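# Descriptive structure summary
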Number of protein chains: 2
Amino acid sequence: MENFYRFLFFVCAAAAVGVLSIIFVVIWVLHYKEGLAWDGGAAEFNLHPVLMVAGFIFLQGTAIIIFRLPWTWACNKLVMKLIHAGLHLSAFTLAVISTVAVFDFHNNAKIPNMYSLHSWLGLAAVILYCLQIVVGVVLYLVPITPVAWRAAFMPYHVFCGTLLFVGIIAVALMGITEKLIFSLKIPKYSESPPEGIFVNVLGVLLVVFGALVVFTATRVPWKRPNDQVLHTLHTNEGGEDSGKVGPSLSELSHAADADDTDVRRRIGKLDETN
Amino acid sequence: MENFYRFLFFVCAAAAVGVLSIIFVVIWVLHYKEGLAWDGGAAEFNLHPVLMVAGFIFLQGTAIIIFRLPWTWACNKLVMKLIHAGLHLSAFTLAVISTVAVFDFHNNAKIPNMYSLHSWLGLAAVILYCLQIVVGVVLYLVPITPVAWRAAFMPYHVFCGTLLFVGIIAVALMGITEKLIFSLKIPKYSESPPEGIFVNVLGVLLVVFGALVVFTATRVPWKRPNDQVLHTLHTNEGGEDSGKVGPSLSELSHAADADDTDVRRRIGKLDETN
């Protein structure tokens, strides 16, 4: 792997900042707020930020960079796909519980639902995330899906996944803003009380986590090398066309968006022969 | 260009949604709010959202996709770089005026500055954007900068630029949230008055604009074809090494992040000979 120690730094930094974000959100609700409970009150609302940060953001970020970890490159590709899908499904489940918690709290407190931009974009993100998982499973885990579809949709799968991840962090920042304005009264948010500053730092940590994950995931030299990407895409390691192990260079060229690393390695090999 | 009509659709959609966002923010401040003025009052604050949307977001988005427009591919690369830098500089200037307007309004109204997450991330974005412009000019417009530095920093230049663009939209969404909560009192934001819904739609438009711009800018087959990318990087069309017009394939391979299109076209050529 190119620049392995730089990669290691970015992955460790992402993990550290992600874990720190979870610690911050837990301290926020346990130390500054009413704790956690499923009682229809403020403590139930507090499940919303905790599950969104630990689940929808941290687990999703982990799912996104799981393919980049070189320790996993020896694993069967199908197993890695299942881990990727499983992490996303766990993130989605926690996001749904988190959404139910906030609706439940609103209904009990007679606060209207779905009036704010945070709620509009948040609910849209949960629905689109669900759609992204369904389309991802149909395209990349159902063995009969044609390889041409898999390759054609890969850039969209990657783009939509990254967009959703970044968008969900933006929605979380809006949620933090709302909550601090609504809940800090004496002293007010504008008087910069310790809780306001502490939760602002949580917001900064989420931005840094998002930037580290997206950088690590999109850096071309850190993509998973896979000489048989089309073969794997086609057969899931055991489909009807498992005899085909040598895709032509033109096929790799067309699938470049799916995994540019293959193309780059081919260039290297051709270049060495020049 | 691959899928020209699809590209055209995305660029036109981005332009339409961007212009619509500007119309929405202008209607917001002229119809629902106190209009525009430089008087230290609410009308001066209103310059903040207008200049941020029209300047910092729309102009920045235009600067990002300017290299993708095929009508510009016949232009001298240096001229295109100057247009790119000029648009970013205009966006930065409007962002600074917009920031001064909000500080001026706060000071006159005795509202504290820099307490909210929106203000922390917003000011950080303006400072980092300034830094990005300075580093971009030193790397890509100063003729003596070594070609190796230009190629090595291009992925970071592109990543940081895209991250700032997305981050600034997120900051704008937080600003919209703050303003609607603070300014809508009778009826309150939670009662979904027409202004609340109208400005929520503005927020959705900004998200769609950001998604369209980032998709158009990052889609590999839509990158500017440039057979002499390293030559241009090295000499700015007239430096000391203008006699070198044929970079080797290994040089192109190392500069793949700077412009993958070159690499992909080389693959095509090699493939045709196989």
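No experiment lies behind these values; they were computed from the predicted model shown. (Residues numbered from 1 in each chain as written. Chains lettered and ligands numbered in written order. Predicted model: local features only at pLDDT ≥ 70, side-chain atom pairs only at ≥ 80, totals over all residues. Heavy atoms only, no water.)

With that out of the way, let us pick up the overall build of chain A. A tally of regular secondary structure across chain A gives 10 helices and zero strands. In sequence order, chain A lays out its α and β elements as α-α-α-α-α-α-α-α-α-α. Burial status across chain A gives 55% buried among its 274 residues. In the structure as shown, chain A presents an accessible area of about 11,800 Å², 71% of it carried by carbon and sulfur atoms. (Helix = DSSP H or I, 4+ residues; strand = E, 2+ residues; numbered from the N terminus. Buried < 20%, exposed > 50% of the residue type's maximum accessible area, 1.4 Å probe, protein only. Areas by Shrake-Rupley, 256 points an atom, 1.4 Å probe, with all protein chains shown as cover.)

A few words on the environment of A43(B). Residues and elements named next belong to chain B. Note that A43 resides in helix α2 (residues 42–45). Considered as a pair, A43 and L206 are 163 residues apart in the sequence and their alpha carbons are 22 Å apart. Apart from residues lying up to four places away in sequence, A43 is in contact with E34, G35, L36 and A37. (Contact = heavy atoms within 4.5 Å.)

Our focus in this paragraph is helix α1 (residues 4–32) of chain B. Structural remark: α-helix, 3.6 residues per turn; residues separated by three or four positions point the same way. Along its 29 residues, α1(B) runs 41 Å from first to last C-alpha, staying within 8% of the 42 Å computed at 1.5 Å per residue. Among all positions of α1(B), only F7(B), F10(B), V11(B), A13(B), A14(B), V17(B), G18(B), S21(B), F24(B), V25(B), W28(B) and V29(B) are buried. (Expected span 1.5 Å × (residues − 1).)

Across chain A, the average pLDDT comes to 86, with 82% of residues at 70 or higher. We note a pTM of 0.85 for the whole complex and an ipTM of 0.85 for its interfaces. (pLDDT = per-residue confidence, 0-100.)

This next bit is on the pattern of salt bridges. Residue and element names in this part refer to chain A. Scanning the entire structure with this criterion turns up two salt bridges over all chains. We note a salt bridge from E195 to K33, for which the minimum N-O separation is 2.8 Å. Taken as a pair, E195 in helix α7 (residues 194–218) and K33 in the loop between α1 (4–32) and α2 (42–45) lie far apart in primary sequence, 162 residues in all. Residue E195 shares its accessibility class with K33, and that shared class is buried. (Salt bridge = Lys/Arg side-chain N within 4 Å of Asp/Glu carboxyl O.)

Two aromatic rings, taken as a pair, are described by how far apart their centres are and by the angle between their planes. Under the defined criterion, the tally for this structure stands at 36 aromatic pairs over all chains. Centre to centre, the rings of Y156(A) and F215(B) are 5.7 Å apart; their planes meet at 25°, and the pair counts as stacked. Taken together, the residues span two chains, with Y156(A) in helix α6 (residues 147–183) and F215(B) in helix α7 (residues 194–218). Taking relative accessible area as the criterion, F215(B) reaches 6% and is therefore assigned buried. Relative to F198(B), the ring of F24(B) lies with its centre 4.4 Å away and its plane at 5°, an arrangement referred to as stacked. Taken together, the residues span a long stretch of sequence, with F24(B) in helix α1 and F198(B) in helix α7 at a distance of 174 residues. Among the aromatic residues, those joined into a ring-pair cluster are F7(A), F9(A), F10(A), F215(A), W222(A), F153(B), Y156(B) and F159(B). Taking NZ or CZ as reference, K179(A) lies 4.1 Å from the ring centre of F45(A), over its face. The aromatic ring of W222(A) is capped on one face by R219(A), whose charged end is 5.7 Å from the ring centroid. (Phe/Tyr/Trp six-rings, centres within 6.5 Å; stacked < 30°, edge-to-face > 60°. Lys NZ or Arg CZ within 6 Å of the ring centre and 35° of its normal.)

All names here are of chain B. Position of H118 among the secondary structure elements: in helix α5 (residues 117–140). Overall, H118 belongs to the buried group, its relative accessible area being 15%. A polar side-chain atom of H118 sits 2.9 Å from the main-chain carbonyl oxygen of V171. When sequence neighbours within four positions are dropped, the list of residues in contact with H118 reads H48, V171, M174, G175 and E178. (Polar contact = N/O pair within 3.5 Å; in protein donor to acceptor, adjacent residues only side chain to side chain.)

Turning our eyes to something else, we now look at the environment of A42(B). Tracing the chain through its elements places A42(B) in helix α2. Excluding residues that lie within four positions of it along the chain, A42(B) makes contacts with E34(B) and F105(B).

All right, on to a positive patch on the surface then. A cluster of basic residues, K185(A), K188(A), K185(B) and K188(B), forms a positive patch on the protein surface. Mapped onto the fold, K185(A) is located in the loop between α6 and α7. Relative accessible area serves as the criterion here: at 52%, K185(A) is assigned to the exposed category. (Patch = residues over 30% accessible without salt bridge, like charges linked within 9 Å, V, L, I, M, F, W, Y side chains within 5 Å. Lys, Arg positive; Asp, Glu negative; His and termini not counted. Charge placed at Lys NZ, Arg CZ, Asp CG, Glu CD.)

So, about the side chain of S98(A). Topologically, S98(A) is positioned in helix α4 (residues 77–109). By relative accessible area, S98(A) is classed as buried at 0%.

Residue and element names in this part refer to chain A. The geometry of helix α3 (residues 47–65) relative to helix α5 (residues 117–140) is characterised by a closest axis approach of 14 Å and an angle of 45° between their N-to-C directions. Here α3 is positioned oblique relative to α5, judged by the angle of their axes. As for how α3 packs across α5, the hand of that crossing is left-handed. The residues of α5 that touch α3, namely those facing H48, F56 and Q60, are H118, A125, V126 and Y129. Tallied by class, residues from the contact of α3 with α5 come to four nonpolar, three polar and no charged. (Axes fitted to C-alpha atoms, helices over the stretch in contact; angles between N-to-C directions. Parallel < 35°, antiparallel > 145°, perpendicular 65-115°, else oblique. Left-handed = near helix turned anticlockwise from the far one by under 90°. Nonpolar A, V, L, I, M, F, W, Y, C, P; charged D, E, K, R; others polar.)

Attention shifts here to the state of the cysteines. For the coordinates displayed, the defined rule picks out zero disulfides over all chains. No disulfide involves C12(A); its nearest neighbouring cysteine sulfur is the one of C75(A), lying 18 Å away. The closest cysteine sulfur to the non-disulfide-bonded C160(B) is located on C130(B), 14 Å from its own sulfur. (Disulfide = S-S within 2.5 Å.)

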